[in-house]
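Structural overview
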Amino acid sequence: MLLMLAGTALAEAPFLRHSEGWALENTPLEVYLSADITALLPYDDDRFAMLKEITDNLSLRLIAAPDEGSVSIYVSNSEALTLAYLDDAVQLSCVPETAFTADSDPMGLLLGASTQNISLYGLRADAEALLNDGWVLLSGISPAFDEYADRRSVKTAITDMGTARSCTDYTIPKGDVEAMKETLLSLCPEGWLHDIIAGLTFSGKQTLRVYRTEDEVPLRMEYNGTCGPEGNLRTVKLVWRMRRDDTAHRDEVTLTSPAKSGGNKNTLEFERIIKTNKSGAIEMDGSFTYTVVLDKQTTTRKGEFELTNACTEESDVITGTVKLQQKLPGEDSFTGVSFAPNLTIAGSQDDPAIHGTLEVSGLSGKNVAEHAMISVRANRAEESLWTAREETMNLSVLTPEQLASVQQQVAAKAATALVRPLIILLGDTADWFFRDMAPEDVEAILDAAGSVTIIE
């Protein structure tokens, strides 16, 4: 979550300073997580106290490296269950003889749910790249589109951004929209924004107005035109007000895109400012609201963030709050999640050292439904948990019935591998597992748990 909203900003004034420009995709990472859970609805106090006896003894070890990784669940100091993946194969410690493969997403097939394209309320970790790549694209509009330009000198104050000394109107006629699209793609870096533009169909006349400083730095742009995916054209108005100087980096984006026919529309309001406070710390504040109306159903996502980096020469020290909320069609109130990081990022790109806490709250309307303090420690990974297996099973060639049977067997073995050590560790206090269970089921679980050794 922190990387989603506090990732490297534009090169001139990044929010992260010590770790500015770090690219950890090729650095093998090992992350340890444990949680102190203090609230979890719908459990009452008695039931929650029993559950906390369990969660206090659980921790996670995550390893992520290029093309491989693992997730291990620990009970006390003992490894209870590990899921590892390598390229297009996955294995579980509770199924020691077999590795599983598939044509795509073997982990999702094995677990019975897709693990691809994970996001939080639709927020992607690379969302900031839209602003970064948009800035590169806008900076290249001139001279690429100068043949369509009508430029005039002005002296116009753009609130909170600066004073514009030129205003240029670009008008692209209907017959040139395909060439316009190709030019935009050539100016835009590869990535999410490039993919968005590649998927658009432009129709009719397109207009763009850009206000610039006397040094040709953009302060405001406004696009108006008809575009959208094939068969879903929208009347689009996009306004982006921006500032890039030593005082602050500021972005304010407004997007409206009603359908050419019908009531479908998308609306976005976004703002963000990065600046240095009086004590020398870097602050990043902002908010957004994104509303989608589709087939008379409305989905609204919104968020706000206030983060501070009390950086030193040796580390970034991140504190603050992030809140994300969503209201789906037919719902009367928002659900959401809030984060309060207190993290230190030190070391180097090749040998990072990250530690601290992340306070997490699950929100239901104005109420806190879940609350936990998560302890985080991350460093360079020095080992792989992938092991050779005697057999390989291709999940893609199984019938639906065979796949369901494999999923059920794996789920049962995984549950046993996790529950056994917990019951032994908790002993007579393991009431959470046994409440409302038949005596013969309790006896069967205790018998199955007998051979497990726990490291205190």
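Preceding block: the structure.
What you see is a predicted model; the values in this text were computed from it and never measured. (Residues numbered from 1 in each chain as written. Predicted model: local features only at pLDDT ≥ 70, side-chain atom pairs only at ≥ 80, totals over all residues. Heavy atoms only, no water.)

1. A few points about a negative patch on the surface
Where like charges cluster on the molecular surface, the negative patch consists of D67, D87, D88 and D103. Of note, D103 is situated in the loop between strand 6 (98-101) and helix 3 (106-111). Given a relative accessible area of 69%, D103 falls into the exposed group. (Patch = residues over 30% accessible without salt bridge, like charges linked within 9 Å, V, L, I, M, F, W, Y side chains within 5 Å. Areas by Shrake-Rupley, 256 points an atom, 1.4 Å probe, with all protein chains shown as cover. Salt bridge = Lys/Arg side-chain N within 4 Å of Asp/Glu carboxyl O. Lys, Arg positive; Asp, Glu negative; His and termini not counted. Charge placed at Lys NZ, Arg CZ, Asp CG, Glu CD. Helix = DSSP H or I, 4+ residues; strand = E, 2+ residues; numbered from the N terminus. Buried < 20%, exposed > 50% of the residue type's maximum accessible area, 1.4 Å probe, protein only.)

2. Quick notes on unusual backbone geometry
Put simply, L41 and P42 share a cis peptide bond, and its omega is 10°. Along the chain, P42 falls in the loop between strand 1 (29-40) and helix 2 (45-55). Cis geometry marks the peptide bond from S142 to P143; its omega dihedral reads 20°. Looking at the element boundaries, P143 is found in helix 5 (residues 141-144). Positive phi is not limited to glycine here, since S76 has a value of about 55°. Summarising the element assignment, S76 is placed in the loop between strand 3 (68-75) and strand 4 (78-86). Phi is positive for D87, which is not a glycine, with a value near 55°. Note that D87 resides in the loop between strand 4 and strand 5 (89-92).

3. Focus on the layout of surface pockets
In this structure, the second largest pocket occupies an estimated 1800 Å³ of space. L130, L193, I196, L255 and L268 are, among the 49 residues lining the second largest pocket, the residues nearest its centre. Considering every element that reaches the lining of the second largest pocket, the biggest residue donor is helix 4 (residues 128-139), with six residues. When the residues that make up the lining of the second largest pocket are grouped by side-chain class, the tally is 36 nonpolar, eight polar and five charged. (1 Å grid on protein atoms, 1.4 Å probe; cavity = no way out; pocket = protein on both sides within 12 Å on 5 of 7 lines; lining within 4 Å. Points joined across faces, edges and corners; volume = space filled by probe spheres on them. Nonpolar A, V, L, I, M, F, W, Y, C, P; charged D, E, K, R; others polar.)

4. Considerations on empty space enclosed by the protein
Under the criterion given, the structure shown has one cavity of 30 Å³ or more. Class assignment of the residues belonging to the lining of the largest cavity gives a composition of five nonpolar, one polar and one charged.

5. A look at the pairing of strand 3
Taken residue by residue, a regular strand's side chains alternate between the two faces of the sheet. In this structure, strand 2 (residues 58-65) lies alongside strand 3, joined through eight bridges in antiparallel fashion. Residue pairing in the sheet places I63 in a bridge with S70 of strand 3. Counting the residues that bridge the hairpin from strand 2 to strand 3 gives two residues, and of these D67 lies at a positive phi of roughly 70°. Pairing of strand 3 with strand 4, which is carried by eight bridges, proceeds in the antiparallel orientation. Looking at the pairing, E68 lines up with L86 of strand 4. (Pairing = 2+ DSSP bridges.)

6. Description of the pattern of salt bridges
Under the defined criterion, the tally for this structure stands at 14 salt bridges. Here R243 and D245 are joined by a salt bridge, their closest N and O atoms 2.7 Å apart. Judged by its relative accessible area of 29%, D245 falls in the partly exposed class. For D251, the salt bridge identified is with R244, shortest N-O distance 2.7 Å. Pair check on accessibility: D251 and R244 agree, each one buried.

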